[in-house]
Amino acid sequence: WWLAATERYAAALRACDAFLGATEPLAAAASRLGVPAFVVPNGLGLRALAVVERLAKARERAADAVVLAYQSGTTMHELDFALVAPALARVLNARPRVRLRLGGHLRAHPALAPYAAQIERLPFLPWHASLAALATADVQLAPLRSDAFSDAKSEVKYLEAGALGIPTVASATSAFRRAIREGENGFLAATPEAWERALLALVDDPGLRRRIGSRARDDVFLHAIDGRVLVQHA
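S.K.: Just to check I follow, could you spell out the sheet that holds strand β4 (residues 98-104) for this structure?
M.R.: Sheet strands line up and pair through hydrogen bonds in the backbone, either parallel or antiparallel. Read across the sheet, six strands follow the order β5-β4-β3-β6-β7-β8 without closing on themselves; strand pairing throughout is parallel. Strands at the two margins of the open sheet, each flanked by one partner only, are β5 (119-122) and β8 (187-189). For this sheet, the mean angle separating the axes of adjacent strands, direction not counted, is 20°. As judged from the seven bridges shared by strand β3 (residues 66-72) and β4, these two strands associate in the parallel manner. Paired with Gln71 across the strands is Gly103, a residue of β4.

S.K.: Sorry if this is basic, but what is going on with the packing of helix α3 (residues 46-57) against helix α6 (residues 127-135) here?
M.R.: Packed helix pairs are specified by the crossing angle of their axes together with the interaxial distance, meaning the distance between the axes. Remark: α3 packs on α6, axes separated minimally by 10 Å, with the N-to-C direction vectors making an angle of 35°. When the axes of α3 and α6 are compared, the crossing they make is right-handed. Counted together, Arg47, Ala48, Val51, Val52 and Leu55 of α3 and Trp127, Leu131, Ala132 and Ala135 of α6 form the full contact between these two elements. Partitioning the contact of α3 with α6 into residue classes produces eight nonpolar, no polar and one charged.

S.K.: What exactly am I supposed to notice about the packing of aromatic side chains here?
M.R.: Between two aromatic rings, the relevant description is the distance of the centres plus the angle of the planes. Overall, the coordinates contain one aromatic pair when judged by the stated rule. On the basis of an interplanar angle of 25° and a centroid distance of 5.3 Å, the ring pair of Tyr70 and Phe81 is categorised as stacked. One end of the pair, Tyr70, is in strand β3; the other, Phe81, is in helix α4 (residues 77-82), with eleven residues separating them in the sequence. What makes Tyr70 buried here is its relative accessible area of 1%.

S.K.: Would you take a moment to explain the pairing of strand β7 (residues 168-171) for this structure?
M.R.: Sheet faces and side chains relate simply in a regular strand, where the side chains alternate between the two faces. In terms of strand pairing, strand β6 (residues 139-142) meets β7 through three bridges, oriented parallel. Bridge pairing in β7 links Gln140 to Thr168. Bridge count between β7 and β8: three bridges; the pairing is parallel. For Ser171, the partnering residue across the bridge sits in β8 and is Ala189.

S.K.: Honestly, the pattern of salt bridges in this entry has me stumped. Any pointers?
M.R.: Pairing between side chains of opposite charge can happen when their charged atoms approach one another. Tallying each qualifying case throughout the model produces eleven salt bridges. Notably, a salt bridge pairs Glu24 with Arg178, separated by 2.8 Å at the nearest N-O pair. Of this pair, Glu24 sits in helix α2 (residues 24-32) while Arg178 sits in helix α9 (residues 174-179), placing them 154 residues apart in sequence. Put simply, Arg90 and Glu196 hold a salt bridge, and the shortest N to O gap is 2.7 Å. Of this pair, Arg90 sits in helix α5 (residues 85-94) while Glu196 sits in helix α10 (residues 192-204), and the two are 106 residues apart along the sequence. Assessed through its relative accessible area of 35%, Arg90 is described here as partly exposed.

Cut-offs and rules
Residues numbered from 1 in each chain as written. Predicted model: local features only at pLDDT ≥ 70, side-chain atom pairs only at ≥ 80, totals over all residues. Heavy atoms only, no water. Pairing = 2+ DSSP bridges. Helix = DSSP H or I, 4+ residues; strand = E, 2+ residues; numbered from the N terminus. Axes fitted to C-alpha atoms, helices over the stretch in contact; angles between N-to-C directions. Left-handed = near helix turned anticlockwise from the far one by under 90°. Contact = heavy atoms within 4.5 Å. Nonpolar A, V, L, I, M, F, W, Y, C, P; charged D, E, K, R; others polar. Phe/Tyr/Trp six-rings, centres within 6.5 Å; stacked < 30°, edge-to-face > 60°. Buried < 20%, exposed > 50% of the residue type's maximum accessible area, 1.4 Å probe, protein only. Salt bridge = Lys/Arg side-chain N within 4 Å of Asp/Glu carboxyl O.

Put into structure tokens, the structure is as follows:
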């Protein structure tokens, strides 16, 4: 069924005069089918910004804990999360005050079993409730595998967290490399060791969390709001 649906998507694409995609790899794939392709990066619409502004003003954090948040949309994200689970286990072991908040369709990873008392589980939530849960976290996790499918995904997790002033640690995919300037408005991690270093740095330094989150918020509001003109030819 999935392969048949994909063929229909391809047929619809070939029938079009042009293609708009959120990332360079998506546009490149369309170009390979002979369709003129343009990149229009994802942004936050006015409705999302209104919700974000309200949440940011009412934002509260746990005084005695640092909350790391990961919210998944599909069961496929279990493969992404598996990349960072061992590093997260080491962070939870080294810093007992850290709490890991996991949301959506995600089964528990065996590496985290010894730290169940430090893990909070949330169900799959509508977008406004998901943003509300993110607003009470301190750091967002955005792991993705190193493959063509993952590389085509956009940086929307960074945009949502950044608008709330929350720093993101992300895999070094094409979209995240475009959005995140290492150590300035976020962190990129390509190895388990890099994940652990970035997370420990943010956990241990509240000032660093505030600086990175503030710069991410400035970046999102400057470059990813409704009505921007950021179209480039693929």
